[in-house]
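Listed below are the residues making up each chain.
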2 protein chains.
Amino acid sequence: MVDIYQEKVRQANQLLAEFGLDMWMVLVRETAEHTDPVLKLLGHLNAVWTAAFIFTRTGERIAITGQGDDEAVRRQGLFDEVIPYTQSMQSVLLEVLDRFQPATIGVDYSKSDVSADGLTYGMWLTLQEYLKGTPYAGRLVSAENFVEALRGRKMPGELALMRKAIGVSAEIFDAVTAWLRPGLSEKEIHAFVTQQVKQRGIETAWDAEHCPGLNAGPNSPWGHFGASDEVTRPGETLNMDFGVKVDGFCSDNQRVWYFLRPGETRAPAEVQRIFDTVRGAIQAAADFVRPGLQGWEVDAVARKFITDAGYPEYPHALGHAVGRYAHDGGVGFYPRWERYGDKPYGRIAAGQVFTLELGIRSPFGYISLEEEILVTETGSEWLWPPQTELILVG
Amino acid sequence: MVDIYQEKVRQANQLLAEFGLDMWMVLVRETAEHTDPVLKLLGHLNAVWTAAFIFTRTGERIAITGQGDDEAVRRQGLFDEVIPYTQSMQSVLLEVLDRFQPATIGVDYSKSDVSADGLTYGMWLTLQEYLKGTPYAGRLVSAENFVEALRGRKMPGELALMRKAIGVSAEIFDAVTAWLRPGLSEKEIHAFVTQQVKQRGIETAWDAEHCPGLNAGPNSPWGHFGASDEVTRPGETLNMDFGVKVDGFCSDNQRVWYFLRPGETRAPAEVQRIFDTVRGAIQAAADFVRPGLQGWEVDAVARKFITDAGYPEYPHALGHAVGRYAHDGGVGFYPRWERYGDKPYGRIAAGQVFTLELGIRSPFGYISLEEEILVTETGSEWLWPPQTELILVG
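What you see is a predicted model; the values in this text were computed from it and never measured.

### What about the packing of helix α9 (residues 269-288) of chain A against helix α10 (residues 295-308) of chain A?
Any two packed helices are characterised by the angle at which their axes cross and by the distance between the axes.
All names here are of chain A.
Then, number 1: Packing of α9 against α10 leaves a shortest axis separation of 8 Å and a crossing angle of 150°. Classified by the interaxial angle, the pair formed by α9 and α10 is roughly antiparallel. Judged by the twist between their axes, the crossing of α9 over α10 is right-handed. Facing α9, whose interface residues are Thr-277, Val-278, Gly-280, Ala-281, Ala-284, Ala-285 and Phe-288, α10 presents Glu-297, Val-298, Val-301, Ala-302, Phe-305 and Ile-306.

As structure tokens, then:
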């Protein structure tokens, strides 16, 4: 695991120039209770007392920690210097700033992106106090775009772990397909998947109560909550939204099954048409993706495909980044709605991993897919094989 | 578990008047990635999209969530109203504010206390935008003292769970005592305790790598990091700092053992004198604690006891709150050092649970204890039996 972190902290230093930052500072305390989500990218960086993890454009990495927290950080070998303090960190911090004289200091706040918004308001006020009367107080800027790039642009070691997670997830989807039959409740399916996860000694990608998310038939309520008592029935569909976390990296995918009625050998034409529309919208978006686009442009392609086919718009974004979290924050394929803030305007870059997900509610059930793509220098590639046919059960 | 949360949300409404707040608002988004630590007190409150959990002095509880997040919140039965939105939460939020016309709206920021500082700087800026041009923008205040009381003053259901956690912890300490012998490395002891935790299907109170914290003999480095290769030796001490999390509540305690040399039937006089000093300082503080004191006053009693006995001050606080986290934030027995901000000045109140912890480094090893007390209306009581004698091994 250390190699992943060594790759990542070097990437942090290297990305600073691209985003016009001389320094990046992550300021945290009592990380067991409340940490900056960016720290997970960089190592096992824990602090009881207020700590500053500092990266410079010139390639240095310096940690300032309370005495007692320092040795655990030092032993990870990620920082050139680990400086402990006892009564107050302020003077140590000012010494480090004076040494580097940064003209811009990025800190982690963002109106739009939770994963780039790790600095609390109280810590912001504390930092203002620390820097009062120094030139540095006026040099603090949002590190939002930098943090998004750091999180989003996967390094080779990270991509290998993402492929591993998606492989395990695919195994579990296949196990579900082999086991499914009519008459199973969402709760029974949830229990089966939970057992599959436990057997492998891994975790679900989001809270286990809501993972997998299941929709059996048309009466299952849509949204983020637990499995219901609705059952799989011939003539209806089942949708499953599921991901795993393996070695700290997540997958997030959906599959859809159709339960044949007696005598049927394929799904009714309307089910097939809806499935083909969903699949077609995802394929159209995947074909369109390339570095340099803004996220909303990709969403718009899939959204138009759906409405052109005569179906209603999906009430969410086409896709989000995947990585340390299932909803990994940063750039994504967001529509230009107020609730998404500035997120629709993020620029797509090579090395990012995104979901492509949308569905259509129908009298047969919720017919929805979620695939994952890796953005390449010239376009995108599937991170796992997309579902191209309805999976028929019975 | 629901009863605990019902108790707690009612307590939230009731505490508002005491702290001069008409309303309290917890503003979060993507809680799987970054949540406000206060939400854990109140229920299983998850949100993908920006959500506001609102409590009024008049006893109402209202949740505003993105569509899709609402049903999971509604099903917990903790809020009178759960209002979903699709494209933007702003208008819904303003309607709720107009309905209650709060003169003061507490939000979660604090310079001193991580557990009352759940609002990110980006969310603070977002809230400013939402409220721009309304009278409410000027009515936002820090809910710090309110949140500290809500977290710190345990309800009966919470106290029962804290006693349960400490009971399990005591079992594991006893198992260690029964198994200890000279020649064991800290790593072996760590592995033994880890196994004890796993057997019981519970978690450690803080990250498993650093829990238990161990100090075998005088050469073991002090601070928050993993077990070393130092071994238990006759004529030396072992200190263990350990806690468990059971049903969401933590314990946090230390014990100290002395390994007899051949022919010894008790510890050397100097070891005994240090142990008695540590124990005496903790007893003096416990005898002194009562509601209404400021935390630093309690720290000062133990600190003076140690220095009067001719030993150096401990380089940390005498004690912290325990609850959902081992270091639970809020009021505690902090010295008046800059690094602790305003925390030393918090007022002690009945229903709070604190550690009393301090140690002295010696040529025999680190001799340290950590006990837990419950503050009562008139003083305090031990939450578990304090260690009154060195535990002798061999």
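### Considering the interface of chain A and chain B
Then, number 1: Listed as interface residues are 57 residues of chain A and, on the opposing side, 58 residues of chain B.
Then, number 2: Together chain A and chain B conceal approximately 5,100 Å² of surface at their shared face, both sides included; 56% is due to carbon and sulfur atoms.
Then, number 3: For the pair chain A and chain B, the number of links is six salt bridges.
Then, number 4: Applying the counting rule to chain A against chain B returns 22 residue pairs in polar contact (both at pLDDT 80 or more).

### Let's talk about the domain arrangement of chain A
Residue and element names in this part refer to chain A.
Then, number 1: Parsing chain A into structural domains produces domain 1 (4-151) and domain 2 (154-392).
Then, number 2: The centre of domain 1, based on its C-alpha atoms, is set 35 Å off from the matching centre of domain 2.
Then, number 3: Contact residues are listed per partner, giving 13 residues for domain 1 and 17 residues for domain 2.
Then, number 4: Between domain 1 and domain 2, a total of about 1,400 Å² is buried, with carbon and sulfur atoms accounting for 51% of that surface.
Then, number 5: One can count two salt bridges joining domain 1 with domain 2.
Then, number 6: With its nearest N and O atoms 2.8 Å apart, the salt bridge here joins Glu-158 to Lys-8.
Then, number 7: Across the domain 1-domain 2 interface, the total number found is seven residue pairs in polar contact (both at pLDDT 80 or more).
Then, number 8: Elements represented by at least two residues in the side of domain 1 that touches domain 2 include exactly α1 (2-18), α2 (39-42) and α6 (144-152).

### Quick notes on helix α6 (residues 144-152) of chain B
In an α-helix there are 3.6 residues to a turn, and that puts residues three or four apart on one side.
Then, number 1: Counted residue by residue, α6(B) has eight buried out of nine residues, so it is predominantly covered.
Then, number 2: Of all the residues in α6(B), the buried ones are B:Glu144, B:Phe146, B:Val147, B:Glu148, B:Ala149, B:Leu150, B:Arg151 and B:Gly152.

### Quick notes on the pairing of strand β3 (residues 61-66) of chain B
Residue and element names in this part refer to chain B.
Then, number 1: Among the six residues of β3, six are classified as buried, and the element is accordingly described as predominantly covered.
Then, number 2: In this structure, the hairpin formed by strand β2 (residues 51-56) and β3 is closed by a connection of four residues, where Gly-59 is found at a positive phi of approximately 100°.
Then, number 3: Here β3 runs beside strand β4 (residues 81-85); their pairing, made up of five bridges, is parallel. Bridge pairing in β4 places Ile-64 opposite Ile-83.

### Quick notes on the sheet that holds strand β10 (residues 244-246) of chain B
Residues and elements named next belong to chain B.
Then, number 1: Strand order in the open sheet made by the three strands is β7-β10-β11, with antiparallel pairing throughout. Edge positions in the sheet fall to β7 (203-204) and β11 (249-250), since each has one partner strand and no second.
Then, number 2: Looking at chain direction, β7 and β10 are connected through two bridges and run antiparallel. Directly across from Thr-204, in β10, lies its bridge partner Val-244.
Then, number 3: Each of β10 and β11 touches helix α7 (residues 156-179); the most contacted strand, β10, lies at about 135° to it.

### Details of the packing of aromatic side chains
Then, number 1: Under the definition given, this model contains 31 aromatic pairs over all chains.
Then, number 2: Geometrically, the ring pair formed by A:Trp24 and A:Phe55 is tilted, given 5.1 Å between the ring centres and 35° between the ring planes. Of this pair, A:Trp24 sits in strand β1 (residues 23-28) while A:Phe55 sits in strand β2 (residues 51-56), placing them 31 residues apart in sequence. Taken individually, A:Trp24 and A:Phe55 each receive the classification buried, so the pair is uniform in this respect.
Then, number 3: Taking the centre distance of 6.0 Å and the plane angle of 5° together, the rings of A:Tyr121 and B:Tyr121 count as stacked. Residue A:Tyr121 is located in helix α5 (residues 121-131), and its partner B:Tyr121 is located in helix α5 (residues 121-131); the two belong to separate chains.
Then, number 4: A residue is classified by how much of its surface remains accessible, and A:Tyr121, at 10% relative accessible area, is buried.

### Considering the environment of A:Arg74
Residues and elements named next belong to chain A.
Then, number 1: Secondary-structure assignment places Arg-74 in helix α3 (residues 70-74).
Then, number 2: Along the primary structure Arg-74 and Gln-90 are separated by 16 residues, whereas in three dimensions their C-alpha atoms are 20 Å apart.
Then, number 3: When neighbours within four sequence positions are excluded, Arg-74 is seen to be in contact with Val-82 and Pro-84.
Then, number 4: A distance of 2.7 Å separates the side chain of Arg-74 from the side chain of Glu-71, its partner in a polar contact.

### As for the pairing of strand β9 (residues 237-242) of chain A
Residue and element names in this part refer to chain A.
Then, number 1: Among the six residues of β9, five are classified as buried, and the element is accordingly described as predominantly covered.
Then, number 2: The pairing of strand β8 (residues 213-216) with β9 spans four bridges and is antiparallel. From the neighbouring strand, Asn-215 faces β9, where its bridge partner is Asn-239.
Then, number 3: Two elements, β9 and strand β12 (residues 253-259), share six bridges in a ladder whose sense is antiparallel. Note on β12: the bridge partner recorded for Met-240 is Arg-255.

Parameters at a glance
- Residues numbered from 1 in each chain as written.
- Chains lettered and ligands numbered in written order.
- Predicted model: local features only at pLDDT ≥ 70, side-chain atom pairs only at ≥ 80, totals over all residues.
- Heavy atoms only, no water.
- Axes fitted to C-alpha atoms, helices over the stretch in contact; angles between N-to-C directions.
- Helix = DSSP H or I, 4+ residues; strand = E, 2+ residues; numbered from the N terminus.
- Parallel < 35°, antiparallel > 145°, perpendicular 65-115°, else oblique.
- Left-handed = near helix turned anticlockwise from the far one by under 90°.
- Contact = heavy atoms within 4.5 Å.
- Buried area = accessible area lost by both parts, 1.4 Å probe.
- Salt bridge = Lys/Arg side-chain N within 4 Å of Asp/Glu carboxyl O.
- Polar contact = N/O pair within 3.5 Å; in protein donor to acceptor, adjacent residues only side chain to side chain.
- Domains from an automatic or database assignment.
- Buried < 20%, exposed > 50% of the residue type's maximum accessible area, 1.4 Å probe, protein only.
- Pairing = 2+ DSSP bridges.
- Phe/Tyr/Trp six-rings, centres within 6.5 Å; stacked < 30°, edge-to-face > 60°.

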